[in-house]
Amino acid sequence: MKEFKKIGVLTSGGDAPGMNAAVRSVVLSALAKGVEVVGIYKGYTGLISGEVKEFSAADVRHIIDDSGTHLYSDRCLDFKTPEGMAKALNTCKELGIDGIVAIGGDGTFRGATDLSIHGIPTIGIPGTIDNDITSTDYTIGFDTALNTTMKLMDNLRDTCESHARCDVIEVMGRNAGWIALEAGIASGAVAIAIGEVDFDADAAIERIKNLKEKGHRSFIVAISETFGAEFSEAFAKRVQDETGVETKFARLAHTVRGGSPTLRDRLTASKMGKYAVDLLLDGKSDLVVCEKGGELCTTEIKFALIVDRMFKNTLKEGDLDKFTPEEVELMRNICAKKQAAFDDLMNTAIILAQN
Ligand code: F6P
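Residues numbered from 1 in each chain as written. Predicted model: local features only at pLDDT ≥ 70, side-chain atom pairs only at ≥ 80, totals over all residues. Heavy atoms only, no water.

A.B. asks: Help me understand the packing of helix α10 (residues 301-311) against helix α11 (residues 325-352) in this model?
C.D. replies: The angle between the axes and the distance between the axes are what describe a pair of packed helices. Running from N to C, α10 and α11 cross one another at 50°; their axes reach a closest spacing of 10 Å. Classified by the angle between their axes, α10 and α11 sit oblique to one another. As α10 packs across α11, the resulting crossing turns out to be right-handed. Between α10 and α11, the residues in contact are Phe 303, Ile 306, Val 307, Met 310 and Phe 311 and Glu 327, Val 328, Leu 330, Met 331, Arg 332, Ile 334, Cys 335, Lys 338, Gln 339 and Phe 342, respectively. Per-class residue counts for the contact of α10 with α11 are eleven nonpolar, one polar and three charged. (Axes fitted to C-alpha atoms, helices over the stretch in contact; angles between N-to-C directions. Helix = DSSP H or I, 4+ residues; strand = E, 2+ residues; numbered from the N terminus. Parallel < 35°, antiparallel > 145°, perpendicular 65-115°, else oblique. Left-handed = near helix turned anticlockwise from the far one by under 90°. Contact = heavy atoms within 4.5 Å. Nonpolar A, V, L, I, M, F, W, Y, C, P; charged D, E, K, R; others polar.)

Okay, structure coming up:
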């Protein structure tokens, strides 16, 4: 089995609260096993340019509660080119990097699988506020983003109540409605629009009218950014025109991507970081760390990427050809379970908004 003397850790894609806690865990877990660690800056960009630093325990001291990513992040297009990959492999060779832990979302995992294929064992850790990695129940940063979104929605609710207003609030989640759905429920939203479940705009307007008649003064509508600002602003205008409730539009945008990570994110990051190092040193590669039913487990990155496309309806021709019928069936089951989770929660949201 390959002997690991030094590993690298990087963060890539959109930053997420808890990424620093994951880096800390990777560094401390590796050092505890006598393996050196280099921090790779700006994601795969730093791997190409050789922007790295040897990390000691002191370098990750007191970063567990920091938001953002001290390693910085980038969405690196060069890494997808043969020249970019050649430079990255050269950096690994020159610096003696035997394996890498890559923290991020699906773009990060595509890079991780490419590295694995080229002989650098790589393990992915899911870090994105969107919670949109289909193969795992949880991604680092989601809980913090949810809590921040909920608090901001609560603040908007306070002033809506004073002035008898509605606030239509657009929240992050490029291809996933988890933040809008869960924070919306937690803030008592009257309507929630996400890409995964059909949105009945007429029914939402009717609910607001009914509740107004019952004496409600404030209304929160949560809309995932998947719909685009035009849709959200147009819906806000419709609410105002058809219900007579003065309606404002707010876009929370990146405000929910910062902030000190919650306990859930620090703990998950700490567990996943150690788990990833154990996997690497155990000779594993090309895997993404997942959480299912509260337990840590792994999924092959190539499987994780395709089940993701299946759920998001973005499968390309031939995507399923590399998998056995049993694996494809498993993917369909995972997607059905995810969809059922969305449907159930949306049903709860609508029931709770009746009275
Ligand atoms: O992937 C996380 C995310 O915050 C999405 O919710 C959002 O659409 C996107 O990143 C924004 O990306 P950027 O920070 O590059 O504008």
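A.B. asks: For this particular structure, what's the right way to read the side chain of Thr 149?
C.D. replies: With respect to the helices, strands and loops of the structure, Thr 149 is situated in helix α5 (residues 142-163). Once you skip the residues sitting within four places of it in the chain, Thr 149 turns out to touch Val 171, Ile 179, Ala 183, Leu 252 and Val 256.

A.B. asks: Even after reading the chapter, I still don't get the site of the ligand, so can you show me in this structure?
C.D. replies: Looking at the ligand, the residues that line it are Arg 75, Thr 128, Ile 129, Asp 130, Met 172, Gly 173, Arg 174, Glu 225, His 254 and Arg 257. Gly 173 places a main-chain nitrogen or oxygen 3.1 Å from an oxygen atom of the ligand. Within the contact set of the ligand, an oxygen atom lies 2.5 Å away from a side-chain nitrogen or oxygen of Glu 225. For the ligand, whose accessible area on its own is 400 Å², the fraction buried by protein is 77%. Taken together, the residues of the shell around the ligand sort by class into two nonpolar, three polar and five charged. (Near = heavy atom within 4 Å. Polar contact = N/O pair within 3.5 Å; in protein donor to acceptor, adjacent residues only side chain to side chain. Areas by Shrake-Rupley, 256 points an atom, 1.4 Å probe, with all protein chains shown as cover.)

A.B. asks: I'm lost on the pattern of salt bridges in this one. Help?
C.D. replies: Two side chains with opposite charge may pair up if their charged atoms get near one another. A full pass over the atoms with the stated rule returns 19 salt bridges. In this structure, the salt-bridge partner of Asp 59 is Lys 53, at a minimum N-O distance of 2.7 Å. Using a relative accessible area of 31% as the deciding quantity, one classes Asp 59 as partly exposed. Judged by its relative accessible area of 35%, Lys 53 falls in the partly exposed class. Here the salt bridges do not stand alone but share partners, grouping Lys 33, Lys 274 and Asp 278 into one network. (Salt bridge = Lys/Arg side-chain N within 4 Å of Asp/Glu carboxyl O. Buried < 20%, exposed > 50% of the residue type's maximum accessible area, 1.4 Å probe, protein only.)

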